[in-house]
Amino acid sequence: MTQQKLPDSNQINLNIGGMSCASCVGRVERALKKVDGVAEANVNLATHKAQITLNKPLPPETLVNAVTSAGYEAQIVKNSSPTADDSKQEKAEIGHLKWSLIIAVVLTIPVFLLEMGGHVSSTFHHMIMSTLGEQNSWYTQWFLTTLVMLIPGFNFYKKGIPALLHLAPDMNSLVAVGTLAAYCYSVIATFIPQLLPEGTVHVYYEAAAVIITLILIGRLLEAKAKGRTSQAIKQLVQLQVSHANVYRDGQLTEIPIDQVQLGDLITVKPGERIPVDGVITEGNSYVDESMITGEPIPVKKQPNDPVVGSTVNQKGALTVQATKVGNDTVLAQIIRMVETAQGSKLPIQAIIDKVTLWFVPTIMALAVITFIIWIIFAKDSALSFALVSAVAVLIVACPCAMGLATPVSIMVGTGRAAESGIFIRKGEALQILKDIKVIALDKTGTLTKGKPELTDFICDESYDKNQAITLLASLEAKSEHPIAEAIVQYAQKFNLKLLPVDNFTTVTGQGLQATIEQQTVQVGTAYFMQQQKINTDKFTETATRLAKEGKTPFYMAINQQLVAITAVADPIKETTPQAINAFHQLGLKVVMITGDNKHTAQAIAKQLGIDEVVAEVLPDGKVEAIKSLKQQGSLAYVGDGINDAPALAEADIGIAIGTGTDVAIEAADVVLMSGDLLGVVKAITLSKATIRNIHQNIFWAFAYNTALVPIAMGILYPFFGILLSPAIAAGAMALSSVFVLGNALRLKRIPLEK
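Rules used throughout
- Residues numbered from 1 in each chain as written.
- Predicted model: local features only at pLDDT ≥ 70, side-chain atom pairs only at ≥ 80, totals over all residues.
- Heavy atoms only, no water.
- Helix = DSSP H or I, 4+ residues; strand = E, 2+ residues; numbered from the N terminus.
- Rg over C-alpha atoms; globule rule 2.2 N^0.38 Å.
- Buried < 20%, exposed > 50% of the residue type's maximum accessible area, 1.4 Å probe, protein only.
- Contact = heavy atoms within 4.5 Å.
- Areas by Shrake-Rupley, 256 points an atom, 1.4 Å probe, with all protein chains shown as cover.
- Lys, Arg positive; Asp, Glu negative; His and termini not counted.
- Charge placed at Lys NZ, Arg CZ, Asp CG, Glu CD.
- Pairing = 2+ DSSP bridges.
- Phe/Tyr/Trp six-rings, centres within 6.5 Å; stacked < 30°, edge-to-face > 60°.
- UniProt positions renumbered as here; feature names shortened; annotations may be inferred.
- Salt bridge = Lys/Arg side-chain N within 4 Å of Asp/Glu carboxyl O.
- Arc of directions from axis to C-beta.

### Quick look at the overall build of the protein chain
Right, on to step 1. Per the secondary structure count, the protein chain includes 29 helices and 26 strands.
Right, on to step 2. Relative to a compact globule of 754 residues, whose C-alpha radius of gyration would be 27 Å, the protein chain shows 35 Å and is clearly more extended.
Right, on to step 3. Taken along its principal axes, the extent of the C-alpha atoms in the protein chain is 125 × 65 × 55 Å.
Right, on to step 4. The buried share of the protein chain, reckoned over its 754 residues, is 53%.
Right, on to step 5. A separation of at least 24 residues holds for 69% of the contacts in the protein chain among residues at least 6 apart in sequence.
Right, on to step 6. In the structure as shown, the protein chain presents an accessible area of about 33,700 Å², 57% of it carried by carbon and sulfur atoms.
Right, on to step 7. Of note, the protein chain has its 60 positive side-chain charges centred 4 Å away from the centre of its 65 negative side-chain charges.

### Description of unusual backbone geometry
A negative phi angle characterises most non-glycine residues, just as the trans form characterises most peptide bonds.
Right, on to step 1. Phi at N495 takes a positive value of approximately 55°, unusual for a residue other than glycine.
Right, on to step 2. Looking at the secondary structure, you find N495 in the loop between helix 19 (482-492) and strand 17 (502-507).
Right, on to step 3. Positive phi values are uncommon outside glycine, yet Q518 reaches one of about 65°.
Right, on to step 4. Looking at where Q518 falls in the secondary structure, it is placed in the loop between strand 18 (511-516) and strand 19 (519-524).

### Considerations on the pairing of strand 20 (residues 552-558)
Right, on to step 1. The buried count for strand 20 comes to 5 of 7 residues, which makes it a mostly enclosed element.
Right, on to step 2. Two elements, strand 19 and strand 20, share 4 bridges in a ladder whose sense is antiparallel. Residue V523 lies in a different strand from strand 20, and its bridge partner there is M556.
Right, on to step 3. Where strand 20 meets strand 21 (residues 561-569), 7 bridges bridge the pair, whose relative direction is antiparallel. Its bridge partner being in strand 21, A557 is matched across the sheet by L562.
Right, on to step 4. Taking the residues that link successive antiparallel strands as the turn, the strand 20-strand 21 hairpin has 2 residues, and the phi of N559 there is positive, at about 50°.

### Describing the packing of aromatic side chains
Right, on to step 1. By the definition in use, this model includes 11 aromatic pairs.
Right, on to step 2. Where Y185 meets Y204, the ring centres are 5.8 Å apart and the plane angle is 50°; that geometry is what we call tilted. Here Y185, found in helix 7 (residues 171-191), pairs with Y204, found in the loop between helix 7 and helix 8 (205-229); they are 19 residues apart in sequence, far enough to count as distant. With respect to burial, Y185 and Y204 carry one shared label: buried.
Right, on to step 3. With a centroid separation of 5.3 Å and an interplanar angle of 20°, the aromatic rings of W374 and F385 are classed as stacked. Taken together, the residues span a long stretch of sequence, with W374 in helix 12 (residues 349-377) and F385 in helix 13 (residues 382-396) at a distance of 11 residues.
Right, on to step 4. Residue F385 is classed as partly exposed on the basis of its relative accessible area, which comes to 22%.
Right, on to step 5. One aromatic cluster in this structure is built from Y139, W142 and F191.

### Description of the UniProt feature "transmembrane region" (unreviewed entry) in the protein chain
Right, on to step 1. In the numbering adopted here, UniProt assigns the feature "transmembrane region" (unreviewed entry) to residues 97-118, 138-157, 173-196, 202-221, 355-377, 383-406, 698-720 and 726-745.
Right, on to step 2. Each end of residues 383-406 is marked by a C-alpha atom, and these two atoms are 40 Å apart; helix forms 83% of the span and strand 0%.
Right, on to step 3. Along residues 726-745, the helical share is 100% and the strand share 0%, with 29 Å between the first and last C-alpha atoms.

### Here we look at the pattern of salt bridges
As a working rule, side chains carrying opposite charge can pair if their charged atoms are close by.
Right, on to step 1. Counting across every chain of the model gives 13 salt bridges.
Right, on to step 2. A salt bridge links R416 to E419; the nearest nitrogen and oxygen atoms lie 3.9 Å apart. Here R416 and its partner E419 are both found in helix 15 (residues 407-419), 3 residues apart, which amounts to about one turn of the helix.
Right, on to step 3. By relative accessible area, which is 11% here, R416 ends up buried.
Right, on to step 4. Salt-bridge contacts for K627 lead to E624; the nearest nitrogen and oxygen are separated by 3.8 Å. Taken together, the residues K627 and E624, both in helix 24 (residues 619-629) and 3 residues apart, mark about one turn of the helix.
Right, on to step 5. Through salt bridges with shared partners, a single network forms among K449, E453 and E574.

### A short note on helix 24
Right, on to step 1. Listing the buried residues of helix 24 in full gives K622, V623, A625, I626 and L629. Down the axis of helix 24, the buried side of the element spans an arc of 160°, and every buried residue falls inside it.
Right, on to step 2. Those residues of helix 24 that are buried are in contact with strand 15 (438-442), strand 22 (589-593), strand 23 (612-614), strand 24 (635-639) and helix 25 (645-650).

### Overview of the environment of A417
Right, on to step 1. Residue placement: A417 occurs in helix 15.
Right, on to step 2. Of the residues examined, A417 reaches a relative accessible area of 1% and is grouped as buried.
Right, on to step 3. Separated by 79 residues in sequence, A417 and V338 have C-alpha atoms that sit 9.4 Å apart.
Right, on to step 4. Look past the residues within four positions of A417 in its chain and what remains in contact with it is I422, I424 and L686.

Pasting the structure below:
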């Protein structure tokens with residue numbers, strides 16, 4: 001398992017407080033971009049985070065001051081565990097909203113019943129008139145509504161009015177102006193009614209109270225839904241181990257995880273999580289790595305095998321030497337990778353940003369226009385109609401839905417990917433992946449396992465097969481070539497004991513020769529056998545068949561007599577054929593680009609049904625091949641080696657196999673931790689689903705505002721006598737954000753397993 005690199009020091013992350021809608025996002029971004037040294041600033045309404053990229057060194061406090069000057073709060077995100085504090089803040093926010101809502105509901109219900117109960121039931125109306133009387137009823141409503149506005153509703157005015165005074169109105173400003181308009185009109189009607197024209201003395205306390213209560217309901221639902229959108233990353237954070245049992249001065253001591261140092265020896269009992277990344281020094285076990293790879297089957301581990309922190313040791317006790325600790329562990333890097341993707345913006349977001357920049361000021365202008373139109377054209381109760389319609393316009397508009405449309409879908413989509421071992425390093429990859437037309441694949445380590453195996457051993461009937469394998473493995477054990485290791489491992493399957501070897505010689509790239517138990521044993525290519533004057537004719541047909549299968553045949557002779565032919569190949573991964581078939585079902589052209597010889601490459605391509613082969617190319621040749629293939633459409637390249645890095649960078653989307661090298665992963669847009677090509681299929685499926693989900697959210701957000709703002713202005717009243725109540729407007733506004741969040745959460749149920 002490879003390690004991800006830390007983010008560049010030119011990136012700073014901030015937690016932003018006080019944002020309530022898309023307009024806030026725009027203002028914070030503009031404030032940050034004005035700071036000299038800021039190259040790019042992305043602010044996310046769903047995560048309340050800002051990712052700032054610098055083009056020169058800059059104290060983080062400068063950025064904090066810029067955000068504060070814009071009227072918002074900012075806090076530097078520490079590298080250690082940014083999400084731990086986020087979880088506490090989220091719980092505190094939900095707790096505060098719950099209490100605010102309880103208070104609001106308790107105070108609002110009597111106001112609503114006193115004012116609206118009489119409209120529903122004449123009996124109730126007569127009861128109120130005969131007991132409290134109209135004036136006392138208004139006094140009671142005034143008192144309770146004032147408490148609603150001062151206690152649970154205070155934040156709307158605390159944030160909205162200063163924003164309005166700074167000529168930077170936001171969602172809070174709309175609520176503040178709308179409820180204050182209804183409240184102040186009602187106060188005048190209650191205490192100094194002589195100031196109002198005859199026939200317009202009405203109170204709208206219930207509108208102000210109900211608006212605040214319904215919006216608080218919406219915000220509580222929104223806060224809870226936001227928590228679910230980031231569930232994947234929270235689960236990753238919860239996997240982090242808090243303590244480790246470490247040998248110090250010969251003693252086994254339990255210490256906090258942040259005190260573990262490189263080189264420490266750590267004991268891990270069965271059932272425990274491995275505290276940090278390391279290498280096994282003692283013990284054998286099976287380790288559940290599903291939290292990293294998404295693969296449920298435990299992996300066998302033995303001495304010298306690497307292990308990843310926070311994976312679960314299942315069977316035996318292990319001693320692990322720490323090789324990566326703190327922010328360098330795979331889990332810490334994955335958390336950072338997911339956070340970066342979730343905080344990024346897709347190209348489609350640019351359209352929304354332009355609209356939301358002017359959204360709130362436009363709504364406030366429309367409210368003023370609405371008020372004026374009703375005052376001019378309404379015959380009876382013009383002032384009342386004007387007030388109700390203007391307040392409804394202010395309240396029904398919802399920039400929140402537009403601001404959340406894209407980021408919540410990205411959060412859920414990237415989180416769903418992470419659960420399957422797919423880590424999207426750059427958010428824009430989500431948008432590009434769905435349009436891929438060509439998928440180019442490296443062969444070794446991508447289509448194949450990347451490690452040679454002995455696939456065939458065909459022995460002459462006149463010779464004992466086990467004896468031949470024993471001699472072959474004994475000879476190959478003296479070589480350091482990867483093929484030799486594959487042959488020795490093959491012999492180990494039969495529990496064969498290796499024999500002493502004398503007079504070992506090698507001819508580079510051709511063959512080996514030695515004396516074993518007074519027999520001359522020779523292994524090599526057909527050319528090598530020719531040089532040794534050994535006839536290979538009896539295995540000619542077999543050798544041709546093996547070569548056509550993409551395997552490399554070798555011959556074995558004992559005392560100048562040919563006794564066996566063996567073949568070594570880099571086996572194709574079990575899931576590769578299924579993945580290739582899935583690519584074709586998605587309508588993709590599949591191309592293999594490899595440095596291997598044409599015959600082997602063509603044999604594998606024919607076996608897998610690959611459409612085109614580019615063989616015998618160096619790393620530069622891969623780049624040129626990708627440039628050429630890109631003319632056929634958007635291209636994704638999948639690779640795992642150091643020589644794949646230039647190709648990964650050149651492709652429209654670079655996908656690195658996570659079992660590969662750091663260099664390849666660093667150059668990629670998407671990382672598959674399991675090394676399974678089906679992960680590419682899952683990534684494309686998720687990309688299509690996420691972008692479709694974003695389009696649905698954007699359509700809803702724009703359609704909602706386009707349809708309901710004119711209705712709130714009273715466009716239906718002349719034809720149908722329908723006027724939108726401010727209370728109903730508040731409910732609709734609250735539900736619009738919840739709808740967007742609920743739609744995004746559907747991505748968690750997208751089936752990825754084939």
